Amino acid sequence: MLGYIVRRILGAIPTLFIIVAATFFMMRLAPGGPFDGERRLPPEIERNIKAAYNLDKPVYEQFTIYITNILTKGDFGPSFKNKDFSVSELIMLGAPVSLKLGLLAMTLAVIVGSFLGVTAALRQNTATDYSVMSIAMIGITIPTFVTAPFLTLILGVYLGVLPVAGYADGAWRNMILPVVVLSLPQIAIISRLVRGSMVEVLKSNFVRTAKAKGLTDGQVVWRHALRAGLLPLVSYLGPAIAGLVTGSLVVEQIFGLPGIGRYFVQGALNRDYTLVMGVVILFATLIITLNLIADILYRVLDPRVRLG
Amino acid sequence: MALLSADAKMEAMTAAAEVKGRSLWQDARRRLFRNKAAVVSMIILAIIVALALAAPSLSKHAYDAQDYNQVGCPPSWALDVDKANDPDYMDKAPESALCAQGIIASYEAAQADWDLSCGTGAVPIEGTTCGPKPEVDDFKHFLGTDAIGRDLWVRILYGARVSLAVGIVATMVALLIGVLYGATAGYVGGRVDNYMMRFVDIMYALPFIFFVIILMTVTADVPFFKDPFNRFILIFAAIGAVEWLTMARIVRGQTLSIRRKEFVEAAVAAGVSNGAIIRRHIIPNVIGPVIVFVTLTIPAIILAESFLSFLGLGVQEPMTSWGVLISEGANEMETKPWMLVFPALMMAVTLFCFNFIGDGLRDALDPKDR
């Protein structure tokens, strides 16, 4: 087990390095910099600015400086566009918002998704099953940037029960719409996933044995079927995080939440290279780590999978 | 002599495989056509594609023409043009009444122009031909206009062209790279396979949209990509170049299992080259799952393009796509909900169709999965 974990962590390091290097060189080698404005700066000022951001050095040297600063000081450099802010400061500002949004959405998705999936599987090929699966299809096909404005239009504008946008220091009423919108696609995917695996599990021998020894339906489901049926959910954790991260780019933008996703989009639009780099590194680390945890958890939970 | 007979044998075998293959396809087609959701989806999708292709001839309005008398107007069927100057209408629904007046104003202006250059007593300008006299209906906007007075229906159709084109071309890019890469990795196997798939794993570790966003960002200043058409091609390439990963995995898995089949062994024994085996034996046999994946990739790519456009990194004005329209609609939804509802509806229907067809194909091609 320990060997497996060590091997996986060692494997993750080069992956992360390649991602960081690829992003860095892509951004630096592109013509035009963040300081090319409408008006050309006087040459000496431009030289000073470039020196201040190390842009006058050769690219590989910039890369070494960048990596060293991250590893030794946890410093992702100054933001090119948000004056007086370092990238780390911006990320620290945005992280609590994104984290809250992501965790709430994830929890909601897992609870509602597995409930729907299990219900559909227990009533396989009934009206309940079909309606759950049709709703799941809607959730998968309709993107976040359509559901968000629609729900806002109905609940926020016409009915006026929820605020249209804004963070308001994390007031719960402001979080409902973003969380629901962000979790909808995940609810859909999770319910399909859980339904599929529950249908398999309910047909398996150990469930038949449990029934044969006279357990009630509830006991069979709670004690035996659910444990095996919810396993695929664990391995879906990694992709789910990736989905939530992508979704948060749009959700934070639409609802005006000051999270990391919004910084990333703004950074990309303004070509704030250091900010974009910082967010990419953060998200890549997050996704790789969570994938790793999910894989390990899966092996811990499922006795059938031997550690390879 | 021995070689010749081996060749003949191979030919006979491929012929046999083809006969069997055809009956498999017939089977699949029958199963597919029995799936009502898939059939209905195919019909709806065909209509949407036909509308998109015929877009220029479907409306009198150009996709980038502004009607200054009708800025941000609701669909024409929601307006009462006959009552345009009725004070009651003005009281009850001032915006609708103004839009109805806008239609009349545009019509009267065009009619005056027509009278001036083509009407009785006018001297026709040399080299120009006069069209038919304008009518009120020519100035109605079936699905309303956007915030700067462009016809929404025409823009949705032009958006469909862009979105569908991106979806299909990017999928083809993904298909080409993915199939070649996956088939090579799976067929060659061993260390090469290991390295090739490790690379895919690394690429997988990032949500692909990040790479596309970075690519769109860094190329924003390259003069070559400032040209709208080149930028458009870049979107194809960028999305397609990341979507091939799953394709490569599927093809590799299939290839690995097919490689051990007797007919491949026979081909190897007969001295057929690796390239020829991949082209003639492996690829035709992995095509089933690939087709299913293709139908599911097209909507995924349409979504990805819309996502980029929504964030402002996709196609540029005056070109449009569903993502751009939805983004514009979302900004104006409080006062002009039609700008959001119609493009969103159009895209949702299209995505549904592709997904139903994909599911139907999967069931049809893989009956043991049902």
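Residues numbered from 1 in each chain as written. Chains lettered and ligands numbered in written order. Predicted model: local features only at pLDDT ≥ 70, side-chain atom pairs only at ≥ 80, totals over all residues. Heavy atoms only, no water.

S.K.: Go over the overall build of chain B with me, naming the residues and quoting the values.
M.R.: When its secondary structure is counted, chain B shows 14 helices and zero strands. Secondary structure elements of chain B occur, N-terminal to C-terminal, as α-α-α-α-α-α-α-α-α-α-α-α-α-α. Per-residue burial for chain B yields a buried fraction of 48% across its 370 residues. Taking the intrachain contacts of chain B between residues at least 6 apart in sequence as the baseline, contacts between residues at least 24 apart amount to 75%. Just so you have it, chain B exposes about 18,300 Å², and 62% of that area is on carbon and sulfur atoms. (Helix = DSSP H or I, 4+ residues; strand = E, 2+ residues; numbered from the N terminus. Buried < 20%, exposed > 50% of the residue type's maximum accessible area, 1.4 Å probe, protein only. Contact = heavy atoms within 4.5 Å. Areas by Shrake-Rupley, 256 points an atom, 1.4 Å probe, with all protein chains shown as cover.)

S.K.: Break down the overall build of chain A for me, citing the residues and quoting the values.
M.R.: Each helix and strand in chain A was counted, giving 12 helices and zero strands. Across its three principal axes, chain A shows a C-alpha extent of roughly 85 × 60 × 30 Å. Per-residue burial over chain A gives 46% buried out of 308 residues. Within the structure as shown, chain A displays about 15,400 Å² of accessible surface, and the carbon and sulfur contribution to it stands at 66%. Here chain A contributes 27 positively and 17 negatively charged side chains, and the mean placements of these two sets differ by 12 Å. (Lys, Arg positive; Asp, Glu negative; His and termini not counted. Charge placed at Lys NZ, Arg CZ, Asp CG, Glu CD.)

S.K.: Now, about the nonpolar core: what can you tell me, with residues and values included?
M.R.: In terms of nonpolar packing, the biggest core is built from 172 residues, with Ile213(B) and Ile239(B) touching the most fellow members. Once you skip the residues sitting within four places of it in the chain, Ile213(B) turns out to touch Leu249(A), Phe264(A), Ala268(A), Phe307(B), Leu308(B), Leu311(B) and Leu313(B). Counting 11 residues, the second largest nonpolar core, distinct from the first, contains Cys73(B), Val81(B), Ile103(B) and Tyr107(B). (Core = buried A, V, L, I, M, F, W, Y, C linked by side-chain atoms within 4.5 Å.)

S.K.: An account of the state of the cysteines is requested, with residue identities and associated values reported.
M.R.: Residue and element names in this part refer to chain B. Scanning the model with the defined rule gives one disulfide over all chains in all. The disulfide partner of Cys73 is Cys99, and the gap between their sulfur atoms is 2.0 Å. Across the S-S bond of Cys73 and Cys99 the torsion is about -95 degrees, and the bridge reads as left-handed. Pair noted here: Cys73 is in the loop between α3 (55-58) and α4 (87-92) and Cys99 is in helix α5 (residues 94-118), with a separation of 26 residues, a long-range link. By relative accessible area, which is 2% here, Cys73 ends up buried. (Disulfide = S-S within 2.5 Å.)

S.K.: Report on the packing of helix α6 (residues 152-188) of chain B against helix α12 (residues 274-311) of chain B, specifying residues and quantitative values.
M.R.: The geometry of a pair of packed helices is captured by two quantities: the angle between their axes and the separation between those axes. Residue and element names in this part refer to chain B. Close contact between α6 and α12 brings their axes to 7 Å; oriented N to C, the two are set at 145 degrees. Crossing handedness for the pair α6 and α12: right-handed. Of the residues in α12, those in contact with Ser163, Leu164, Val166, Gly167, Ile168, Ala170, Thr171, Leu175, Val179, Ala183, Thr184 and Tyr187 of α6 are Asn274, Ile277, Ile278, Ile282, Ile283, Val290, Val294, Thr297, Ile298, Ile301, Ile302 and Glu305. Taken together, the residues of the contact of α6 with α12 sort by class into 17 nonpolar, six polar and one charged. (Axes fitted to C-alpha atoms, helices over the stretch in contact; angles between N-to-C directions. Left-handed = near helix turned anticlockwise from the far one by under 90°. Nonpolar A, V, L, I, M, F, W, Y, C, P; charged D, E, K, R; others polar.)

S.K.: Any details on the confidence of the model for chain B? Residues and values, ideally.
M.R.: Any region with low pLDDT has predicted coordinates that should not be read closely. Residues and elements named next belong to chain B. On average, residues of chain B carry a pLDDT of 79, and 88% of them reach 70 or more. Across chain B, the element-wise mean pLDDT spans from 64 in helix α1 (residues 2-34) up to 92 in helix α2 (residues 36-53). In the predicted complex, the global pTM is 0.77; the interface-specific ipTM is 0.73. (pLDDT = per-residue confidence, 0-100.)

S.K.: Pulling in residues and values, what's your account of a nonpolar patch on the surface?
M.R.: A cluster of nonpolar side chains, Leu2(A), Val6(A), Ile9(A), Leu10(A) and Ile13(A), forms an exposed patch at the surface whose accessible area comes to about 490 Å². Inspection of the secondary structure assignment puts Ile13(A) in helix α1 (residues 2-29). (Patch = residues over 30% accessible without salt bridge, like charges linked within 9 Å, V, L, I, M, F, W, Y side chains within 5 Å. Salt bridge = Lys/Arg side-chain N within 4 Å of Asp/Glu carboxyl O.)

S.K.: Provide a residue-level description of α1(A), including the pertinent values.
M.R.: Structurally, the α-helix is built with 3.6 residues per turn, so residues lying three or four positions apart point the same way. A rise of 1.5 Å per residue sets the reference length of α1(A), with its 28 residues, at 40 Å; its end C-alpha atoms lie 41 Å apart and thus fit the reference within 8%. Along α1(A), the residues classified as buried are Tyr4(A), Ala12(A), Thr15(A), Ile19(A), Val20(A), Ala21(A), Thr23(A), Phe24(A), Met27(A) and Arg28(A). (Expected span 1.5 Å × (residues − 1).)

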